[in-house]
Amino acid sequence: MDKLTGIVDKLKDLYHKYYDQFMNWYRGLDDVGQFGFLVAAFVVIFFILIVFILSRVTRR
């Protein structure tokens with residue numbers, strides 16, 4: 001159990017480290033940059049979902 005706890009703690013530390021780096025970068029953008037990033041992320045996620053849905057539909 002101690003090994004699992006150590007792995008979970010390392011994963012938490014990595015998450016917090018990269019989350020803090022990302023938030024510092026994101027907050028450093030101007031308003032247009034922040035909005036553009038959100039729109040680009042939404043478009044990428046949307047296209048991934050569309051490709052996934054189309055691949056499921058065409059398998060039938």
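For every chain, the first residue of the written sequence is number 1, and numbering continues from 1 onward in sequence order. Selection of residues for local features in this predicted model requires a pLDDT of at least 70, selection of side-chain atom pairs for listing and counting requires 80 or more, and totals for whole chains, interfaces and linings are taken over all residues. As a rule here, side-chain values cover all heavy atoms of the structure and leave hydrogens and water aside.

J.: Explain the packing of aromatic side chains to me, please; I cannot follow it from the model alone.
T.: Two numbers describe a pair of aromatic rings. These are the distance of the centres and the angle of the planes. Planes of paired rings set the category: under 30 degrees apart is stacked, over 60 is edge-to-face and the rest tilted, where pairs are Phe, Tyr or Trp rings (Trp by its six-membered ring) whose centres lie within 6.5 Å. With the rule as written, the count across this model stands at 8 aromatic pairs. Aromatic side chains Phe-22 and Phe-37 sit 5.6 Å apart centroid to centroid with 50° between the ring planes, which places their arrangement in the tilted category. Of this pair, Phe-22 sits in helix H1 (residues 2–28) while Phe-37 sits in helix H2 (residues 31–58), placing them 15 residues apart in sequence. Secondary structure elements are taken from DSSP: a helix is a run of H or I of four residues or more, a strand is a run of E of two residues or more, and numbering for both begins at the N terminus.

J.: In this structure, what is going on with a nonpolar patch on the surface? I would like to understand it.
T.: Here a patch means residues that are over 30% exposed by relative accessible area and free of salt bridges, tied together within 9 Å if like-charged and within 5 Å if nonpolar (Val, Leu, Ile, Met, Phe, Trp, Tyr). Using the Shrake-Rupley algorithm and a 1.4 Å probe, accessible areas are obtained, with residue cover drawn only from the displayed protein chains. Salt bridge, as applied in this entry: a Lys or Arg side-chain nitrogen positioned within 4 Å of an Asp or Glu carboxyl oxygen. Together, Phe-35, Val-39, Phe-42, Val-43, Phe-46, Phe-47, Ile-50 and Leu-54 make up a nonpolar patch on the protein surface, roughly 800 Å² of accessible area in all. Positionally, Phe-42 belongs in helix H2.

J.: Would you take a moment to explain the packing of H1 against H2 for this structure?
T.: The description of two packed helices rests on the angle between their axes and on the distance between the axes. Fitted lines through C-alpha atoms serve as axes, helices being fitted only where they are in contact, and the angles separating the N-to-C directions of these axes extend from 0 to 180 degrees. Two numbers describe how H1 lies on H2: the axes approach to 8 Å, and their chain directions differ by 125°. Judged by the angle between their axes, H1 and H2 are oblique. Counted together, Phe-22, Trp-25, Tyr-26 and Arg-27 of H1 and Gln-34, Phe-37 and Leu-38 of H2 form the full contact between these two elements. Of the residues belonging to the contact of H1 with H2, the class tally is 5 nonpolar, 1 polar and 1 charged. Any angle between 65 and 115 degrees counts as roughly perpendicular, while under 35 counts as roughly parallel, over 145 as roughly antiparallel, and the rest as oblique. Contacts: residue pairs with any heavy atoms within 4.5 Å of one another. Lys, Arg, Asp and Glu make up the charged group, whereas Ala, Val, Leu, Ile, Met, Phe, Trp, Tyr, Cys and Pro make up the nonpolar group; the residues left over, Gly among them, are polar.

J.: Any chance you could explain the environment of Ile-7 here in plain terms?
T.: With respect to the helices, strands and loops of the structure, Ile-7 is situated in helix H1. A simple rule labels every residue: compare its accessible area, found with a 1.4 Å probe on the protein chains alone, to the largest value its type can have, and call it buried under 20%, exposed over 50%, or partly exposed in between. Classification of Ile-7 by relative accessible area gives partly exposed; the value is 46%.

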